[in-house]
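Working through the structure, step by step
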Amino acid sequence: MTTRYLIGLLLGTEDDWPTAFTEILSRLGPVPGPDGGQHAFDTERITIEPFSLRDRPRYHLVIDRLAYWYYHPREWLKKVSMMDGVYLLNSPFTFQSMEKHAAYCAMMRLGLKVPETVLVPYKNPLDNSRYAYTAARYNKSFDLDAIAEKIGYPIFMKPYDGGAWRGVSRINTPAELHAAYDASGEMLMHLQKAIDYDVFARSLSIGAETMVMRFQPDQPMHSRYAVDHSFLSPQVGTEVVTIGRLVNAFFRWEFNSCETLVSGDQVYPIDYANACPDVALTSLHYYFPWAMKALVKWCVFALVTARRARLDVETDRFFTVADEPGLSYDGKLAVYGDLADAYFDTARYRDFWSGLQARLDEVVLDWIAGPDFDQLLVRTVRSAYPEHEHDQFIAHLRGLMELWVGEETTRLCTNP
Ligand SMILES: Nc1ncnc2c1ncn2[C@@H]1O[C@H](COP(=O)(O)OP(=O)(O)O)[C@@H](O)[C@H]1O
Ligand SMILES: [Mg+2]
């Protein structure tokens, strides 16, 4: 018997990864489940339409890339999650925590090394008739310079709910501090101690898997992710992976990217809540096949094993560890790692894929090395860059993908 599942894709403007995801799933074909039956998957792009709150959705799982910004689909997601048990990447109920602020609070509570951070009131009153009255009565004047002095320059000023570097500035002097605060207008800002770091690690987590990549924030978009397999010591690498998995398990986020600054052997998390992590072919390039496999693997695993989405967060499980007297930072991380493994059902996930991984690897290698993928690559570059840059970026991206194909071919030959 074959069970069919429909995966809904709630998309913004992107076309690259949804094409890849759909193509890989269809080439993979039906997979056997623990029940001995076959399980088959279809994908469909979701359109935005009026819905009755009692409508039954056709989707079993939805990958959402839109609802962080767009409220109509966000409310539809809440409805299908709460009423119909549709499995979501990510849960709309913790979107509110997708602002950096709540993630900082959680991480500090769990004993992680988030740099010193202060939230300052709005510079300009909000456009709300009641706000001016409230502000006049309750917004106490404060000494911005004294706050900055206490944190110590240099400082980053950035929105409490930021993303995509909107409104971020690095501040070295009181004059820059005032200029940045005056410019912040109606954005609510954090002041955060700048970390003088050696390497910037950006990790992308999809379900039970995490890839840590060396990130170069000062480079243009297409060369921010460097292909580098050993830029962290094994110990720091494990710490970065564990922190990402911990935050995701804590908020029950299953598709998220995290940023950590590494200075010597110290790991400082700075940006741990990205509702819609970058998975563009043009930015991930070499790591794109990994991301697509992880996304396919997690969706298939969740559907075939009837994984249930949990809407509660049960923070006490984590806080108990944080409060354990005498447990060191490393000791806590080890327990957090176990809690994350339990949440992501890591052992069962590995077991589920152990017999199927070779087939998936072959399907993906075959597709990436072939003409259909090259057409997607060309189409993606043409839609992302101005015409005079097409040739340059097509060659650049082809080079990186050929590197992946070469290394993957060797890997599969050596460990078939
Ligand atoms: N505390 C910090 N120390 C050093 N660099 C920082 C710090 N905070 C932010 N940055 C730099 O600013 C960039 C944007 O800040 P981030 O918190 O990641 O905001 P966004 O959500 O907009 O990406 C980071 O990628 C990093 O390069
Ligand atoms: Mg960031």
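Criteria and cut-off values
- Residues numbered from 1 in each chain as written.
- Chains lettered and ligands numbered in written order.
- Predicted model: local features only at pLDDT ≥ 70, side-chain atom pairs only at ≥ 80, totals over all residues.
- Heavy atoms only, no water.
- Helix = DSSP H or I, 4+ residues; strand = E, 2+ residues; numbered from the N terminus.
- Buried < 20%, exposed > 50% of the residue type's maximum accessible area, 1.4 Å probe, protein only.
- Contact = heavy atoms within 4.5 Å.
- Areas by Shrake-Rupley, 256 points an atom, 1.4 Å probe, with all protein chains shown as cover.
- Disulfide = S-S within 2.5 Å.
- Phe/Tyr/Trp six-rings, centres within 6.5 Å; stacked < 30°, edge-to-face > 60°.
- Pairing = 2+ DSSP bridges.
- Axes fitted to C-alpha atoms, helices over the stretch in contact; angles between N-to-C directions.
- Parallel < 35°, antiparallel > 145°, perpendicular 65-115°, else oblique.
- Left-handed = near helix turned anticlockwise from the far one by under 90°.
- Salt bridge = Lys/Arg side-chain N within 4 Å of Asp/Glu carboxyl O.
- Donors = N, O, S within 2.8 Å, 3.2 Å for Na, K, Ca; no water.
- Near = heavy atom within 4 Å.
- Polar contact = N/O pair within 3.5 Å; in protein donor to acceptor, adjacent residues only side chain to side chain.
- Nonpolar A, V, L, I, M, F, W, Y, C, P; charged D, E, K, R; others polar.
- Core = buried A, V, L, I, M, F, W, Y, C linked by side-chain atoms within 4.5 Å.
- Arc of directions from axis to C-beta.

What follows deals with the overall build of the protein. Along the backbone of the protein there are 15 helices and 14 strands. Taking the principal axes of the C-alpha coordinates as reference, the protein spans close to 70 × 55 × 50 Å. Looking at the protein as a whole, 52% of its 416 residues are labelled buried. Restricting the contact set of the protein to residue pairs at least 6 apart, pairs at least 24 apart contribute 73%. Of the accessible surface of the protein, which amounts to about 19,600 Å², a share of 53% is contributed by carbon and sulfur atoms.

Let's shift gears to the state of the cysteines. Summed over the entire model, instances satisfying the criterion amount to zero disulfides. The cysteine C105 is free of any disulfide, with C258 supplying the nearest cysteine sulfur at 16 Å. By relative accessible area, C105 is classed as partly exposed at 40%. C276 carries a free sulfur, and the closest cysteine sulfur to it, the one in C258, is 14 Å from it.

This part is about the packing of aromatic side chains. Tallying each qualifying case throughout the model produces 22 aromatic pairs. Relative to F21, the ring of W17 lies with its centre 6.1 Å away and its plane at 70°, an arrangement referred to as edge-to-face. With a gap of four residues between them, W17 and F21 both fall in helix α1 (residues 16–28), about one helical turn apart. For the pair W17 and F21, a shared accessibility class is recorded, and that class is buried. An aromatic cluster of at least three residues, connected via ring pairs, comprises W298, F301, Y343, F344, Y349, F352 and W353.

All right, on to the sheet that holds strand β2 (residues 31–32) then. In space, the five strands of this open sheet follow the order β2-β3-β1-β4-β5, with mixed pairing throughout. Here the strands that pair on one side only, and so sit at the sheet edges, are β2 and β5 (87–89). Pairing analysis gives four bridges linking strand β1 (residues 2–10) to strand β4 (residues 61–64), with the strands arranged parallel. Paired with L10 across the two strands is D64, which belongs to β4.

This next bit is on the packing of α1 against helix α13 (residues 357–368). At their nearest, the axes of α1 and α13 sit 10 Å apart, and the two run at 125° to each other. Viewed along their axes, α1 and α13 adopt a mutual orientation that is oblique. Crossing hand, α1 versus α13: right-handed. In this structure, α1 contributes A20, E23, I24, R27 and L28 to the contact, and α13 contributes R359, L360, V363, V364, D366 and W367.

We now examine the pattern of salt bridges. Evaluated as defined, the whole model comprises 30 salt bridges. The partner of D15 in a salt bridge is R45, with the nearest N and O atoms 3.0 Å apart. Placement of D15 in the loop between β1 and α1 and of R45 in strand β3 (residues 38–45) is noted, with a sequence separation of 30 residues between them. When its relative accessible area of 40% is taken as the criterion, R45 is described as partly exposed.

Taken together, the protein ligands of the magnesium ion (ligand 2) are E259 (OE), E259 (OE) and D271 (OD), with distances of 2.1 to 2.8 Å. In this pair, E259 sits in strand β13 (residues 255–263) while D271 sits in strand β14 (residues 266–271), placing the two residues 12 residues apart along the sequence.

Neighbouring ligand 1 are 19 residues, the closest being K100, K158, W165, I195 and E259. In this structure, an oxygen atom belonging to ligand 1 sits 2.6 Å away from a main-chain N or O atom of W165. Compared with its free state, where it exposes 540 Å², ligand 1 has 96% of that area covered by protein. Contributions of two or more residues to the shell around ligand 1 are made by β7 (155–159), β9 (189–193), β13 and β14. Grouping the constituent residues of the shell around ligand 1 by class yields 10 nonpolar, three polar and six charged.

Right, let's get into the nonpolar core. In terms of nonpolar packing, the biggest core is built from 106 residues, with W17, F21 and I63 touching the most fellow members. Examining the composition of this core, we find that 14 residues originate from one element, helix α9 (residues 288–304), more than from any other. In contact with W17, other than residues within four places in its own chain, are L9, L11, I63, R65, V279, F288, M292 and L295.

Here the focus is the packing of α1 against helix α14 (residues 371–384). Two numbers describe how α1 lies on α14: the axes approach to 10 Å, and their chain directions differ by 170°. With respect to α14, the element α1 is oriented roughly antiparallel. Counted together, D16, T19, A20 and R27 of α1 and D372, L376, R379 and T380 of α14 form the full contact between these two elements. Considered class by class, the residues forming the contact of α1 with α14 number two nonpolar, two polar and four charged.

Bringing helix α5 (residues 144–151) into the picture now. Taken together, the buried positions of α5 are L144, A148 and I151. In an axial view of α5, the angular spread of the buried residues amounts to 60°, which keeps them on one side of the axis. Exposed positions of α5 whose direction lies more than 90 degrees from the buried face are E149 and K150. Check the buried side of α5 and you find it contacts β6 (117–120), β7, α6 (174–184) and β9.

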